[in-house]
Amino acid sequence: MIITCPINKQRLWNTLMELGNIGLTSSNKAEGLTRLSLSKEDLAARSYLIKLMEEAGLEVRVDPIGNIFGKLNGSKKTAPVVLSGSHIDTVHQGGMFDGALGVLGAIEAVRTIKEAGINLTHTIEVVSFTDEEGTRFGTGYIGSKAMAGVLEEKIFTLEDDDGITYREAILNAGLDPLSYKEATRKKEEVKAYIEMHIEQGKVLEEHNMSVGIVTDIQGPIWLEVTLIGNPDHAGATPMHMRKDAALAMAEVLLEIETIATTYKGVGTVGKIKVEPGGVNIIPGKVSFSVDLRHVNKELRTEMVNKVFESLDRVSNRRRIHAHIDVKKDVDPASCSKEIVQLLEEVCSELSIPTKKIQCGAGHDSLIMANYTKMGMIFVRSKDGISHNPKEWTDLEDCAVGTQVLFETLVKLAK
Ligand SMILES: [Zn+2]
């Protein structure tokens, strides 16, 4: 590796560890982080981030939806800005690197630029987008959608498991939901968006590489299914007279596995609620989530249709009422060819071995792909584990990814 201006990898690592201490699920670190969007844990992480950006000498701004921007001014104020970042909210019992690496890596890259006294024409803005994960309210990419001008107003009435609406959560964070449209920025204001993220897969590990260059991103579709039967007595109702919603769900779940396998896509049911939830009561109502993904939009549509068919067939036969809500529908996206080429050049100049790679997980980049020139740097994940306390990326890999990000940002902002 030939590096003329090294990033400070220990400083980067320290910030990853510090942020990783905010929102621990319990006193046992092995239970990971639970920093759901706009929760008190997330708000503490946001305060940490703002302080870090200020210490780095960046001009900090929080928009009405809660996106945090840290700005390093370029010499030409009218030139479009180069944007880089990710998110700091997590899933239930998530890890320290998903999202955090992209935000903290961008801060480290910009700090290095500032300390080296590199003169830039374009302003660079580090961004931490609000609610990428969508765990708390059932739909994600809120901050990036608001910035791109594609956020739907109806999200403000969504409720979390405690009945708190999105509107209330935004207000509680000291933000103004009524002004959310002011978070939208004109496309001309932004030159490019670069997101560094852990791979969440095992391809780089298999090839013994620290970094990969993303070419395409799978788009997720999320369904919320409700099946309604009859909550009769478990002792007094013979088997043939039952309308058991949980049994109908069990059949559908196994069919989802078959559908995903057949189409070489992925399908997951990660959230299930059975009601009324009594030992001696037949489940009268179940609701569950379905997450379906594929890099090919047409094949993903076919997968969704098959799930609908399965729900139809099973609920008819079992005399159960089925209701389906589409909670999220994001098209698969491609990275900008120009940025992919630029990332290849940077890796070649630094003599860093890399490869092009497809992305299985959803990211804010999916939204940014329709808004500006978007590129993604992937960093090796240990055993491909993520959304889990065992999520891990070595210091050296974080450093290599951040070095690539630094060089790329300098080239884009020159
Ligand atoms: Zn992420």
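All values reported here derive from a predicted model rather than from experimental measurement.

**Quick look at the overall build of the protein chain**
Looking only at helices and strands, one finds 11 helices and 14 strands in the protein chain. In terms of overall dimensions, the protein chain is globule-like: its C-alpha atoms have a radius of gyration of 23 Å, near the 22 Å expected for 414 residues. The principal-axis extent of the C-alpha atoms belonging to the protein chain is close to 80 × 45 × 45 Å. Across the 414 residues of the protein chain, 55% fall into the buried class. Long-range pairs, those at least 24 residues apart, make up 79% of the contacts in the protein chain with a sequence separation of at least 6. Roughly 18000 Å² of accessible area belongs to the protein chain as shown, and the carbon and sulfur atoms make up 50% of that amount. Computed over 48 positive and 58 negative side-chain charges, the separation of the two mean positions in the protein chain equals 2 Å.

**Quick word on the coordination of the zinc ion**
Around the zinc ion, the protein contributes the donor atoms His-87 (NE2), Asp-98 (OD) and His-197 (NE2), which lie 2.0 to 2.1 Å from the metal centre. Ordering the donors of the zinc ion by residue number gives the pattern H-x10-D-x98-H. Highlighted residues: His-87 in strand β3 (residues 81-87) and His-197 in strand β5 (residues 190-198), separated in sequence by 110 residues. For the pair His-87 and His-197, a shared accessibility class is recorded, and that class is buried.

**Details of the domain arrangement of the protein chain**
Domain boundaries assigned for the protein chain yield domain 1 (9-218 + 332-413) and domain 2 (219-329). Computed over C-alpha atoms only, the centres of domain 1 and domain 2 are separated by 33 Å. Taken together, the contacts link 16 residues of domain 1 with 13 residues of domain 2. Of the roughly 1000 Å² buried between domain 1 and domain 2 on both sides combined, carbon and sulfur atoms contribute 54%. When the buried surface of domain 1 facing domain 2 is broken down by residue, Gly-138, Gln-218 and Pro-332 rank first, second and third, together holding 48% of it. Applying the counting criterion to the domain 1 and domain 2 interface returns one salt bridge. Residue Lys-271 is joined to Asp-161 by a salt bridge in which the shortest nitrogen-to-oxygen separation is 3.8 Å.

**Regarding helix α7 (residues 245-262)**
When the terminal C-alpha atoms of α7 are compared, their 26 Å separation across 18 residues agrees well with the 26 Å that a helix rising 1.5 Å per residue should span. Where α7 is concerned, the buried positions are Ala-245, Ala-246, Ala-248, Met-249, Val-252, Ile-256, Ile-259 and Ala-260. Buried residues of α7 fall within an arc of 140° about the axis and therefore sit on the same side. Summarising the geometry of α7, the exposed residues directed more than 90 degrees from the buried face are Leu-254, Glu-257, Thr-261 and Thr-262. For α7, the elements touching its buried residues are β7 (219-228), β8 (266-268), β9 (272-275), β10 (285-294) and α8 (297-317). You can read the cap of α7 off the contacts: a side-chain oxygen lies 2.9 Å from the backbone nitrogen of Ala-246, and it is on Asp-244. One or two positions beyond α7, positive phi appears at Lys-264, with a value near 55°.

**Observations regarding the packing of aromatic side chains**
Scanning the model with the defined rule gives seven aromatic pairs in all. Residues Trp-13 and Phe-97 carry aromatic rings whose centres are separated by 5.9 Å and whose planes lie at 40° to one another, so their mutual orientation is tilted. Of this pair, Trp-13 sits in helix α1 (residues 9-19) while Phe-97 sits in the loop between β3 and α3 (100-116), placing them 84 residues apart in sequence. Judged by its relative accessible area of 12%, Trp-13 falls in the buried class. Using a relative accessible area of 0% as the deciding quantity, one classes Phe-97 as buried. The lysine or arginine in question, Arg-185, covers the ring of Phe-69, its NZ or CZ lying 5.0 Å from the ring centre. We note Lys-328 situated over the ring of Tyr-141; from NZ or CZ to the ring centre the distance is 4.0 Å.

**Topic: the pairing of β7**
Extensive coverage of β7 is indicated by the burial of eight of its 10 residues. Where β7 lies against β10, 10 bridges are found, and the strand directions are antiparallel. When the bridges of β10 are listed, Gly-219 appears paired with His-294.

**Concerning the pattern of salt bridges**
According to the stated counting rule, one finds 25 salt bridges in the structure shown. Taking the shortest distance from any N to any O, the salt bridge between Glu-396 and Lys-9 comes out at 2.8 Å. A residue pair is termed long-range when its members are at least 10 positions apart, and Glu-396 in helix α11 (residues 395-413) and Lys-9 in helix α1 qualify at 387 residues. Take Glu-396: its relative accessible area is 42%, and that puts it in the partly exposed class. Note that Lys-40 and Glu-41 form a salt bridge whose closest N and O atoms lie 3.4 Å from each other. Overall, Lys-40 belongs to the exposed group, its relative accessible area being 66%. Each of the salt bridges in this network shares a partner with another, and the network as a whole consists of Arg-11, Glu-108 and Glu-115.

**Structural notes on helix α2 (residues 40-55)**
Residues three or four positions apart in an α-helix share a direction because the helix packs 3.6 residues into each turn. Across its 16 residues, α2 extends 23 Å between first and last C-alpha, which sits within 8% of the 22 Å expected from 1.5 Å per residue. Among all positions in α2, only Asp-42, Ala-45, Arg-46, Tyr-48, Leu-49, Leu-52 and Met-53 are buried. Axial view of α2: buried residues confined to an arc of 160°, hence all on one face. When the buried face of α2 is taken as reference, the exposed residues oriented beyond 90 degrees from it are Lys-40 and Glu-55. Immediately downstream of α2, the backbone of Gly-57 shows phi near 80°, a positive value.

How each quantity is defined
- Residues numbered from 1 in each chain as written.
- Predicted model: local features only at pLDDT ≥ 70, side-chain atom pairs only at ≥ 80, totals over all residues.
- Heavy atoms only, no water.
- Helix = DSSP H or I, 4+ residues; strand = E, 2+ residues; numbered from the N terminus.
- Rg over C-alpha atoms; globule rule 2.2 N^0.38 Å.
- Buried < 20%, exposed > 50% of the residue type's maximum accessible area, 1.4 Å probe, protein only.
- Contact = heavy atoms within 4.5 Å.
- Areas by Shrake-Rupley, 256 points an atom, 1.4 Å probe, with all protein chains shown as cover.
- Lys, Arg positive; Asp, Glu negative; His and termini not counted.
- Charge placed at Lys NZ, Arg CZ, Asp CG, Glu CD.
- Donors = N, O, S within 2.8 Å, 3.2 Å for Na, K, Ca; no water.
- Domains from an automatic or database assignment.
- Buried area = accessible area lost by both parts, 1.4 Å probe.
- Salt bridge = Lys/Arg side-chain N within 4 Å of Asp/Glu carboxyl O.
- Expected span 1.5 Å × (residues − 1).
- Arc of directions from axis to C-beta.
- Polar contact = N/O pair within 3.5 Å; in protein donor to acceptor, adjacent residues only side chain to side chain.
- Phe/Tyr/Trp six-rings, centres within 6.5 Å; stacked < 30°, edge-to-face > 60°.
- Lys NZ or Arg CZ within 6 Å of the ring centre and 35° of its normal.
- Pairing = 2+ DSSP bridges.

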